[in-house]
Amino acid sequence: MSVNLQTPIDYLKGVGPNRADLLRSELDIHTYQDLINLFPNRYIDRTKYYKINELQRNNAEVQVIGVITGFREVAQKRGKRLVADFKDDTGSMELVWFRGQKWIRESLKTGKPYVIFGKTNWFSSKYSMPHPEIELQTEHDNNLRSAMQAIYPSTEKLSNKGITNRVITKIMQQLFLDTKGKFVETLSDLVMRELKLISKSDALFNIHFPKTPELLSKAQFRLKFEELFYIQLQLILKNLIHKSKIKGFPFEKVGDYFNTFYNSHLPFELTNAQKRVLKEIRQDLGSNAQMNRLLQGDVGSGKTIVAFMSMLVGLDNGFQCCLMAPTEILSVQHYNGLKELCNKLNIRISLLTGSSKTSERRKIHENLENGNLQILIGTHALLEDKVKFKNLGLAIIDEQHRFGVQQRSKLWHKNTSPPHVLVMTATPIPRTLAMSVYGDLDISVIDELPAGRKPIKTVHRFDNNRLKVFKFIKDEIAKGRQIYVVYPLIQESEKMDYKDLMDGYESISREFPMPKYQISIVHGKMKPDDKDYEMQRFVRGETNIMVATTVIEVGVNVPNASVMIIESAERFGLSQLHQLRGRVGRGAEQSFCILMTSHKLSQNSKTRLETMVRSSDGFEIAEVDLKLRGPGDIMGTQQSGVLNLRIADIVKDKDILEQARYYAKSVLKLDPSLGLPEHKVILNTYREMSKYRNIWNYIS
Ligand code: ADP
Ligand code: MG
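> Quick one: what's the story with the domain arrangement of the protein, residue by residue and with numbers?
For the protein, the assigned domains read domain 1 (47-144), domain 2 (256-446) and domain 3 (457-615). Here the C-alpha centroids of domain 1 and domain 3 sit 57 Å apart.

What follows is the structure in structure tokens.
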């Protein structure tokens, strides 16, 4: 009889209702299948035995053979602990139990050789092992030991309730007995042959009970590949289905707007990267499918002009276009920048934000619906139901991580059929991550800054050099430049942070007194109007220094600002530092970024600061960031279920990911509907995948 892997875990011998409840609540294991996909975190060598005098103070897991010479109960603050003296021929140590003492006391015997296993502590000049795994040496010798014993993920509650690693290992063994270790193959013969992959059954056996190190690494490779392969397959399929199902508006021609602008009004020569990206976008717009493209480009790489020229193609084909930005300041900035260009071309453009007046709004609504208005710029206000377009052909979203996916899709429903969508982000997402997270979008990258930009000089200074920094600021202001001083604002320590900001503001005000110097201050506790007022004063050049929290992080463009001072820089993440630095270096002058810190720096902070000083390449910085923080924290990816990987690691298994993507692509290229007999196994797996909570719930 074959065992159904969807059988509830309660039915497995050795589990029972209590343990089943714990497995469900603690490890999300509901079925046999969930258990088989509980992959070990690591492996330890159970063929090695330590002598007590070989133990080291590194809290490692060790295995020791010895005898118990006696038991003691030691009173402590709450209750008591049971201590056993344990010795071998080289020394002695203590075994300690805080719970289950009665049972331990009754079942363990003095004077008999035991094998103990667990983590050691060094305490009061002695080694001790709390709650060891313990068995008689005679029993121990009857069991097969491996040099690579699996250590499973666990929780405190599980170990408190006696579900130790040994228990998990035992029920895992039982599962292999029940299923005879036979599992349905989930990859096609061709892929298996080409990549010399071991079978599903062999992989599962060896991931839990590795026979040799070689087989273990083969098992890991196969399972990682499989996981990444099906994620990629899913993403690529989504993209293909999207393209075939959802008809876009074909923007067939490039007409007067585009050509006139290109020939007569382009304010600068486009970079090669801008040209390439524009070509990619135009290809999408001209095809029959709806565009769904992510445009990545470092701060200052010139995404706005690309957006504008894409909109011109839309206008040339008789459609309306919109550009949505996450903040009022940014939309105003876009509007002011694009208004001039539009005037030259006789294009009707408007701005709609939360603070647009009612009469203005009414006019905008009307002109949108009758088609008079061609381009609409704005904030979330664009998403309101009242905002109806006559024929929205292209929607562009700037700084996408500030908007959720739902908001994106809201734009779609403003039309009978969905407009083309271009999402722009200045958060450089490393290729590998982008492939997994945005694999269903097409991606364009502007990987080149406009010529003639002077690289921003970045330095790291300690707080005790502040006077020199002030002197430097004075010199720059004397040259007519403007300065940003940014303070961290971390939610948990909000009060302290405001104090830091205010203290800083005060000391800067003392050092740079009115009326010679004018200072703006902007922080999150201010009313939006006041914030805007202060911001605008700085934008207009009426103030010399802008003291702010990270509210200025995104997109603000003040070309005359040439110095960015970041206080407590060690408290910022790398990508945030990079975004902040991107606020300067926008004009013709040499710009500077000064990272201020105290002397107390963690290794991680040091790496971040060094990276900033060394590199101005957003993608390189993002790669370092990814290594330091792991993928879960990178902006905008938190919500992404795609990153709930069981066994693969986006950072470390980059190469496997690329292989998986390559194979997923080539399978679908040959056979987009997965109808060929040799792809039956992939089709079946893929079909079943969607029924379960995650991919691994099906892949076995
Ligand atoms: P971002 O990609 O950060 O949104 P912007 O579109 O705001 O960058 O462009 C930054 C600045 O660079 C703007 O002042 C813009 O006019 C200018 N710029 C964009 N492209 C070029 C180019 N090819 N040559 C020179 N300057 C450019
Ligand atoms: Mg921008």
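> Residue-level account of the nonpolar core, with values.
Ranked by internal contacts, the top residues of the largest apolar core, which has 40 residues, are Phe308, Met311 and Ile375. Among the elements that line this core, the one with the most residues is helix α12 (residues 303-316), at 9 residues. Those residues in contact with phenylalanine 308 that lie beyond four places of it in its chain are Phe261, Leu338, Leu341, Cys342, Leu345 and Ile375. Grouped together as the second largest cluster of nonpolar side chains are 36 residues, Ile29, Phe39, Ala150 and Leu216 included.

> Describe unusual backbone geometry, with residues and values.
Residue proline 515 follows methionine 514 across a cis peptide bond; omega there is 0°. Locating proline 515 in the fold gives a position in the loop between α18 (494-511) and β19 (519-522). Its identity is not glycine, yet serine 125 carries a phi of approximately 60°, on the positive side. For serine 125, the position within the fold is in the loop between β6 (121-123) and β7 (126-130). Within the chain, leucine 674 stands out as a residue other than glycine whose phi angle is a positive 55°.

> Can you lay out helix α21 (residues 603-614) for me, pointing to particular residues and giving the numbers?
The end-to-end C-alpha separation of α21 is 16 Å, in line with the 16 Å expected for 12 residues at 1.5 Å each. If you check which residues of α21 are buried, you get Ser605, Arg608, Leu609, Thr611 and Met612. Viewed end-on, α21 has its buried residues packed into an arc of 160°, placing them on one side of the element. Facing away from the buried side of α21, by more than 90 degrees, are the exposed residues Gln603 and Arg614. Where the residues of α21 are buried, they touch β17 (457-462), α20 (574-581), β22 (592-597) and α22 (618-629).

> Hey, could you go over the site of ligand 1 for me, with residue numbers and the actual values?
The environment of ligand 1 is made up of 15 residues, and the closest members are Gln274, Gly300, Lys303, Thr304 and Arg453. Separating a nitrogen atom of ligand 1 from a backbone N or O atom of glutamate 269 is a distance of 2.9 Å. Within the side chain of glutamine 274, an N or O atom sits 2.9 Å from a nitrogen atom of ligand 1. In isolation ligand 1 exposes 570 Å². Once the protein is present, 77% of that is buried.

> Break down the pairing of strand β5 (residues 113-119) for me, citing the residues and quoting the values.
Within β5, 5 of the 7 residues are buried, leaving the element largely enclosed by the surrounding structure. Pairing of strand β2 (residues 61-75) with β5, which is carried by 7 bridges, proceeds in the antiparallel orientation. From the neighbouring strand, valine 64 faces β5, where its bridge partner is isoleucine 116. Relative to strand β8 (residues 133-136), β5 runs antiparallel, the two sharing 4 bridges. When the sheet's bridge partners are listed, phenylalanine 117 is paired in β8 with glutamate 133.

What counts and what doesn't
- The numbering scheme is per chain: residues are counted from 1 as the chain's sequence reads.
- To read the labels, note that chains go from A and ligands from 1, taken in the order they are written.
- Given that this is a predicted model, residues contribute local features only at a pLDDT of at least 70 and side-chain atom pairs are listed and counted only at 80 or more, while totals for whole chains, interfaces and linings are drawn from all residues.
- Each side-chain value is worked out from all heavy atoms of the structure, with water and hydrogens disregarded.
- Domain delimitation in this document rests on an assignment produced automatically or drawn from a domain database.
- Throughout this description, the term nonpolar core refers to a set of buried Ala, Val, Leu, Ile, Met, Phe, Trp, Tyr and Cys residues connected via side-chain atoms within 4.5 Å.
- A 1.4 Å probe rolled over the protein chains alone gives each residue an accessible area, and that area as a share of the maximum for its type sets the label: buried under 20%, exposed over 50%, partly exposed in between.
- Starting at the N terminus, helices and strands are each numbered in turn, a helix being any DSSP run of H or I of at least four residues and a strand any DSSP run of E of at least two.
- Any two residues whose heavy atoms approach within 4.5 Å are treated as being in contact.
- Each residue after the first adds 1.5 Å to the expected span of a helix.
- Arc definition: directions from the helix axis to the C-beta atoms.
- Throughout, near means a residue has at least one heavy atom within 4 Å of the molecule or strand.
- In the analysis that follows, any N or O atom pair within 3.5 Å is treated as a polar contact, provided that within protein one partner can donate a hydrogen and the other can accept it, and provided that, for residues neighboring in sequence, both atoms belong to side chains.
- All accessibility values rest on the Shrake-Rupley procedure with a 1.4 Å probe; residue burial counts only the protein chains present in the view.
- We call two strands paired when DSSP finds no fewer than two bridges between them.

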